[in-house]
Amino acid sequence: DMTPAYSTMSKSDFEYIRGLYPDIKIIFLMREPVSRMWSLVKQRTVSKLGKPELLEDINYLKEFSSVPLRDMKGRYDHTIRVLDEVFPAENLLFAFYEEIFESADSSGVFLSKVHDFLGLSSKSAPLSAVSHVNASPEVRIPEEFECYLSEKYRDVRSFVFDRFGRPRGWAE
């Protein structure tokens, strides 16, 4: 799947899913929250609206990132707590987007981890060759907005670091 929208689901939503599929396995993929939000901003502002000049407007950027549903997509601490409450630990795999793209063979390592979690044979599919889907335009994040988001998601990073250690590619 390619959407972080599942992060916005409530506990009752997840309970409903578990009721339908009691043995379901959940793979929760997280991306460094500042990078995730900046990617969303660029994708929506440039690709959808066609207004790249807004990427320099700090008021627009703050307003865009403050929309509750957009913000919730990076609140991994909330989502992880809910998943822990609803699903048994052996049915949860927490992983990081950055693991997929960090080196030439990292996609294969990541996919092997997923295959093991799902109980699949590594021989059942090729375990490499991933590509970015819906890649956003290459534009540098304005420093002021980066600092704003870093502060905004400080508690999320702390939670993730405490739980999993510091993922590769995540800022302090």
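In this report, we go over the structure that sits alongside the text. Owing to the predicted nature of the structure, the values given are computational and were not obtained by experimental measurement. (Residues numbered from 1 in each chain as written. Predicted model: local features only at pLDDT ≥ 70, side-chain atom pairs only at ≥ 80, totals over all residues. Heavy atoms only, no water.)

## So, the packing of aromatic side chains
All told, the structure shown has eleven aromatic pairs when counted by the stated rule. Between Phe28 and Phe94, the ring centres sit 6.3 Å apart and the planes meet at 80 degrees, which makes this aromatic pair edge-to-face. Pair noted here: Phe28 is in strand β1 (residues 26-30) and Phe94 is in strand β2 (residues 92-96), with a separation of 66 residues, a long-range link. Relative accessible area serves as the criterion here: at 13%, Phe94 is assigned to the buried category. The interplanar angle of 55 degrees and the centroid separation of 6.4 Å between the aromatic rings of Phe161 and Trp170 together place this pair among those described as tilted. Classification of Phe161 by relative accessible area gives buried; the value is 17%. With a relative accessible area of 0%, Trp170 lands in the buried category. Through successive ring pairs, a cluster of aromatic residues spans Phe28, Tyr76, Phe94, Phe96, Phe161, Phe164 and Trp170. Sitting over the ring of Phe117, Lys25 keeps its end group 4.9 Å from the ring centre. In this arrangement the basic side chain of Arg70 is found over the ring face of Phe64, its NZ or CZ atom lying 3.8 Å from the centre. (Phe/Tyr/Trp six-rings, centres within 6.5 Å; stacked < 30°, edge-to-face > 60°. Helix = DSSP H or I, 4+ residues; strand = E, 2+ residues; numbered from the N terminus. Buried < 20%, exposed > 50% of the residue type's maximum accessible area, 1.4 Å probe, protein only. Lys NZ or Arg CZ within 6 Å of the ring centre and 35° of its normal.)

## Remarks on a nonpolar patch on the surface
On the surface, a cluster of nonpolar side chains totalling about 380 Å² of accessible area is made up of Tyr16, Leu20 and Tyr21. Mapping Leu20 onto the fold places it in helix α1 (residues 11-20). (Patch = residues over 30% accessible without salt bridge, like charges linked within 9 Å, V, L, I, M, F, W, Y side chains within 5 Å. Areas by Shrake-Rupley, 256 points an atom, 1.4 Å probe, with all protein chains shown as cover. Salt bridge = Lys/Arg side-chain N within 4 Å of Asp/Glu carboxyl O.)

## Examining helix α2 (residues 33-48)
Over its 16 residues, α2 extends 21 Å from the first C-alpha to the last, a length consistent with the 22 Å expected when each residue adds 1.5 Å. For α2, the complete set of buried residues consists of Pro33, Val34, Arg36, Met37, Trp38, Ser39, Leu40, Val41, Lys42, Gln43 and Thr45. Against α3 (58-65), α4 (68-72), α5 (76-86), α8 (143-152) and α9 (154-164) lie the buried residues of α2. The backbone nitrogen of Val34 has a side-chain oxygen 3.1 Å away, supplied by the residue at the start of α2, namely Glu32. Taken from the residues just after α2, Gly50 is the one with a positive phi, measuring 70 degrees. (Expected span 1.5 Å × (residues − 1). Contact = heavy atoms within 4.5 Å. Polar contact = N/O pair within 3.5 Å; in protein donor to acceptor, adjacent residues only side chain to side chain.)

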